[in-house]
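Below are the chains, spelled out letter by letter.
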Amino acid sequence: MMENMKELINLIRGKICRLEKRVNNQRNNKWEQPLIKRLANRVDIFSVECKECRSIKDNFKYICTRHYAESEIINNNDNNYELTTKQIIHHLKKKHRLVIEKQYVRRLVFASLVFGLILILIGYGLLYFGITLLALSVTIPALFGRVIFSYTLGYLLDLRAKKQGRVI
C-alpha cells in the first residue's frame, strides 16, 4: 500500500512537471501546480499514520486523470477540482495542524484593520456628540500602529510555523 502511494505521488509530480513545461505561467497559477505538489508531499508523509490521508489518494487520482489531461486544461469549467483541493487542505489543517503560507499575517492584519476601523467609526460618532479632536487624534494613528504590530506578530508566527515544518 505504501509503495502504491509513493508511485501515485511520483505520477502526480511527473504529470505536474510535464504540464508546467507545456502551459504558460498564468495557467500554472490558475491550476496551482506548486500547491498540488506540496499537498502530495504532505499526504505522502502523513499517510503512514493517518487513515484519511491514505484515502486521499483517490482525490489525487481524480485530479491527475481529470484535470491534467490535455482536453481538460482547455475546458476548465469543473468546480470539483477546487472542491477536492479544498477538502485536502481542510483535512491537513484540521487533523495535522498545518497552516497555509502567510495565514497568520492575513488573519491578524485583517482583524486589526477591522477593529481599528470600528474605533474610527466610534470616534466619528463621538465627534457628532461634541467630543472633537481627542477621539480622532488617538484612533487614526493607533490604527496604523495596530496594523504594523499585527503584521509583525503574524510574520513571526508564520516564521515559527515554517521552522517547525507546519506549512503546507
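Rules used in this analysis
- Residues numbered from 1 in each chain as written.
- Predicted model: local features only at pLDDT ≥ 70, side-chain atom pairs only at ≥ 80, totals over all residues.
- Heavy atoms only, no water.
- Helix = DSSP H or I, 4+ residues; strand = E, 2+ residues; numbered from the N terminus.
- Buried < 20%, exposed > 50% of the residue type's maximum accessible area, 1.4 Å probe, protein only.
- Contact = heavy atoms within 4.5 Å.
- Areas by Shrake-Rupley, 256 points an atom, 1.4 Å probe, with all protein chains shown as cover.
- Core = buried A, V, L, I, M, F, W, Y, C linked by side-chain atoms within 4.5 Å.
- pLDDT = per-residue confidence, 0-100.
- Polar contact = N/O pair within 3.5 Å; in protein donor to acceptor, adjacent residues only side chain to side chain.

1. What about the overall build of the chain?
Moving on, step 1. The helix and strand inventory of the chain stands at nine helices and zero strands.
Moving on, step 2. Across the chain, helices and strands are ordered from the amino to the carboxyl terminus as α-α-α-α-α-α-α-α-α.
Moving on, step 3. Taken across its 168 residues, the chain has 34% of its residues classed as buried.
Moving on, step 4. Taking as baseline every contact in the chain between residues at least 6 positions apart, the subset at least 24 positions apart corresponds to 70%.
Moving on, step 5. Accessible area of the chain: about 11,100 Å², with a carbon and sulfur share of 60%.

2. Things to note about the nonpolar core
Considering soluble globular proteins, one finds that nonpolar side chains tend to be buried as a cluster.
Moving on, step 1. L39, V43, C53, F60, I88, L92 and I168 are the most contacted members of the largest nonpolar core, which has 16 residues in total.
Moving on, step 2. Those elements that place two or more of their residues in this core are α3 (33–46) and α7 (80–96).
Moving on, step 3. With six residues, α3 is the largest single contributor of residues to this core.

3. Some remarks on the confidence of the model for the chain
Moving on, step 1. Summary statistics for the chain give a mean pLDDT of 76 and a share of 65% for residues scoring 70 or more.
Moving on, step 2. Low pLDDT, under 50, characterises residues 70–74; the predicted model gives this stretch 10 contacts beyond four residues in sequence or across chains.

4. Considerations on the side chain of H96
Moving on, step 1. Note that H96 resides in helix α7.
Moving on, step 2. The class of H96 is buried, set by a relative accessible area of 14%.
Moving on, step 3. At 3.4 Å, the side chain of H96 forms a polar contact with the side chain of H91.
Moving on, step 4. Aside from chain neighbours lying at most four places away, what touches H96 is F46, C50, C53 and H91.

5. Some points on unusual backbone geometry
Moving on, step 1. Positive phi is not limited to glycine here, since R97 has a value of about 55°.
Moving on, step 2. Despite not being glycine, K102 shows a phi value in the positive range, around 55°.
Moving on, step 3. Inspection of the secondary structure assignment puts K102 in the loop between α7 and α8 (103–128).
Moving on, step 4. Look at K102 and you get exposed, because its relative accessible area is 54%.

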